[in-house]
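# Structural features, examined
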Amino acid sequence: MPLLAYDTIVCFGDSLSQHGWDVSKNGWVAQLSQAYLRRLDVVNRGFSGYTSRWTLPLLPQVLPLSTAGSEQPRPRLLTILLGSNDAFLPDQQRHVPVAEFKENITRMVAMVTDPSSPNYSPETRLLLITPPALGAKLYDHHRASTYTVVYPVDRTPESVKACADAMREVAAEMSLPCVDLWAAVEEGAKEQGGEFEGYDAYSWDAVHLNKGGNDLLFGLVMKAIKTHYPELDPDVIPFVVPDHRERALMEEREKAQASQ
């Protein structure tokens, strides 16, 4: 008997995806999994601390080969959320120049969209996500309260914005939807205000999302899906295994047919 296999949504990226499973912070990936329960399996392939340079060779190991049999589960949606670690400054080990970051994201997209790619998958939809805006005061506060040694600044609001801009550019150039988490956090923070300029409404350390940030991102992802890929709206995707009420009706019909 074959395995009961579901098609998938793959959430690919850095710690912002990896920590998306954290239910204590309303993780956006966990919320996505709940939304698609019994419809699609949500696969978390976030790698904390990784950059686009380090994740680029991993993506072919995450995606199925185009030669895989039709009975194999296929990714129906691939989200790519990167940039927060690429945004480290040039004197930092993990720094990735913006031009290279943009090229890496472009190559990731091509793995799915280019017919010559071993991982070509025309049925897979793509959703790019910018890194969230970084609040300098919150970032400095977290670093000062965490480390006993004073380290030099390693990334800035401007360096993160540059990666967010590059992600939007790739989306525009490749005609893909982009969830602009950077702009959403930036605008929301201005409305919030306060000691940390409102960024603490969305992040606990200026990089990673708290409950507010995860709720924000989940809402943006679902809005983008319903707008750009309505066929992936969970409300229109049937259960892989029928609902128990439907199953009971099937059994009643089977019994009626057998008695005739």
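For the structure, check the block above.
The following refers to the structure shown. (Residues numbered from 1 in each chain as written. Predicted model: local features only at pLDDT ≥ 70, side-chain atom pairs only at ≥ 80, totals over all residues. Heavy atoms only, no water.)

## Looking at the pairing of strand S3 (residues 75-81)
Note on strand geometry: in a regular strand, side chains alternate between the two faces of the sheet. Counting buried positions along S3 gives 6 out of 7 residues, so the element sits mostly inside the fold. As paired elements, S3 and strand S4 (residues 125-129) share 5 bridges and run parallel to each other. Across the sheet, threonine 79 pairs through a bridge with leucine 127, a residue of S4. Tracing the backbone out of S3, into helix H5 (residues 98-113) and back to the parallel element S4 gives a crossover that is right-handed. (Buried < 20%, exposed > 50% of the residue type's maximum accessible area, 1.4 Å probe, protein only. Helix = DSSP H or I, 4+ residues; strand = E, 2+ residues; numbered from the N terminus. Pairing = 2+ DSSP bridges. Right-handed = clockwise from strand over helix to strand, strands pointing away.)

## Regarding the sheet that holds S4
On the basis of which strands lie adjacent, the open sheet formed by 5 strands has the order S2-S1-S3-S4-S5 and parallel pairing. Bordering the open sheet on either side are strand S2 (41-46) and strand S5 (178-179), each of which pairs with just one other strand. Where strand S1 (residues 8-13) and S3 come together, 6 bridges link them in parallel fashion. When the sheet's bridge partners are listed, isoleucine 9 is paired in S3 with leucine 77. H5 rests against S1, S3 and S4 of the sheet, and its axis sits at about 165 degrees to S4. (Contact = heavy atoms within 4.5 Å. Axes fitted to C-alpha atoms, helices over the stretch in contact; angles between N-to-C directions.)

## Side note on the environment of methionine 167
Structurally, methionine 167 can be placed in helix H7 (residues 157-173). Accessibility expressed as a relative area gives 0% for methionine 167, which makes it buried. Residues within four places of methionine 167 in sequence aside, it is in contact with Ile80, Leu82, Phe101, Ile105, Leu128, Ile129, Thr130 and Cys178.

## Topic: the packing of aromatic side chains
In this description, a pair of aromatic rings is defined by centroid distance and the angle of the planes. Summed over all chains, the structure comprises 3 aromatic pairs. Ring centres of phenylalanine 12 and phenylalanine 47 lie 6.2 Å apart, and the angle between their planes is 70 degrees; this geometry places the pair in the edge-to-face category. One end of the pair, phenylalanine 12, is in strand S1; the other, phenylalanine 47, is in the loop between S2 and helix H3 (52-55), and 35 residues separate them in sequence. The exposure class assigned to phenylalanine 47 is partly exposed, which follows from its relative accessible area of 23%. Here the aromatic rings of tyrosine 50 and tryptophan 54 are separated by 5.4 Å at their centres, their planes lie at 80 degrees, and the arrangement is edge-to-face. (Phe/Tyr/Trp six-rings, centres within 6.5 Å; stacked < 30°, edge-to-face > 60°.)

## Here's the deal with the pattern of salt bridges
The tally for this structure, following the rule as stated, stands at 11 salt bridges. A salt bridge links lysine 102 to glutamate 169, with the shortest nitrogen-to-oxygen separation between them at 3.0 Å. With lysine 102 in helix H5 and glutamate 169 in helix H7, this residue pair connects regions lying 67 residues apart in the sequence. When its relative accessible area of 37% is taken as the criterion, glutamate 169 is described as partly exposed. For lysine 102, the salt bridge is made with glutamate 173, and the minimal N-O distance between the two is 2.8 Å. Remark: glutamate 173 occurs in helix H7 and lysine 102 occurs in helix H5; sequence separation between them is 71 residues. Since its relative accessible area comes to 53%, glutamate 173 is described here as exposed. Through salt bridges with shared partners, a single network forms among Lys161, Asp165, Arg168 and Asp180. (Salt bridge = Lys/Arg side-chain N within 4 Å of Asp/Glu carboxyl O.)

## Here we look at helix H8 (residues 181-192)
Between its first and last C-alpha atoms H8 spans 16 Å; for 12 residues at 1.5 Å apiece the expected length is 16 Å, and the two agree. For H8, the set of buried residues is Leu181, Trp182, Ala183, Ala184, Val185, Glu186, Gly188 and Ala189. Contact partners of the buried residues in H8: S4, H7, S5 and helix H9 (211-228). (Expected span 1.5 Å × (residues − 1).)

## What to know about the pairing of S4
Of all 5 residues that make up S4, 4 are buried, and the element is covered over most of its length. As paired strands, S4 and S5 are joined by 2 bridges and run parallel to one another. Residue pairing in the sheet places leucine 128 in a bridge with cysteine 178 of S5.

## A short note on the nonpolar core
One finds Trp28 and Leu32 to be the most contacted residues of the largest nonpolar core, which totals 65 residues. Ranked by residue count, the leading element in this core is H7, at 7 residues. Those residues within four positions of tryptophan 28 in sequence are excluded, and the remaining contacts are Cys11, Leu16, Ser17, Gly20, Thr79, Leu81, Ile129, Leu209, Asn214, Leu217, Phe218 and Val221. (Core = buried A, V, L, I, M, F, W, Y, C linked by side-chain atoms within 4.5 Å.)

## A word on unusual backbone geometry
Look at serine 175: it is not a glycine, yet its phi comes out positive at around 55 degrees. Position of serine 175 relative to the elements: it lies in the loop between H7 and S5. You will see that glutamate 197, though not glycine, has its phi angle at about 60 degrees, which is positive. Topologically, glutamate 197 is positioned in the loop between H8 and H9.

## With respect to the packing of helix H2 (residues 28-35) against H9
Where H2 contacts H9, the axes come no closer than 8 Å and their chain directions differ by 45 degrees. In terms of axis orientation, H2 runs oblique to H9. In terms of crossing hand, the pair formed by H2 and H9 is right-handed. The residues of H9 that touch H2, namely those facing Trp28, Gln31, Leu32 and Ala35, are Asn214, Asp215, Leu217, Phe218, Val221 and Met222. Of the residues belonging to the contact of H2 with H9, the class tally is 7 nonpolar, 2 polar and 1 charged. (Parallel < 35°, antiparallel > 145°, perpendicular 65-115°, else oblique. Left-handed = near helix turned anticlockwise from the far one by under 90°. Nonpolar A, V, L, I, M, F, W, Y, C, P; charged D, E, K, R; others polar.)

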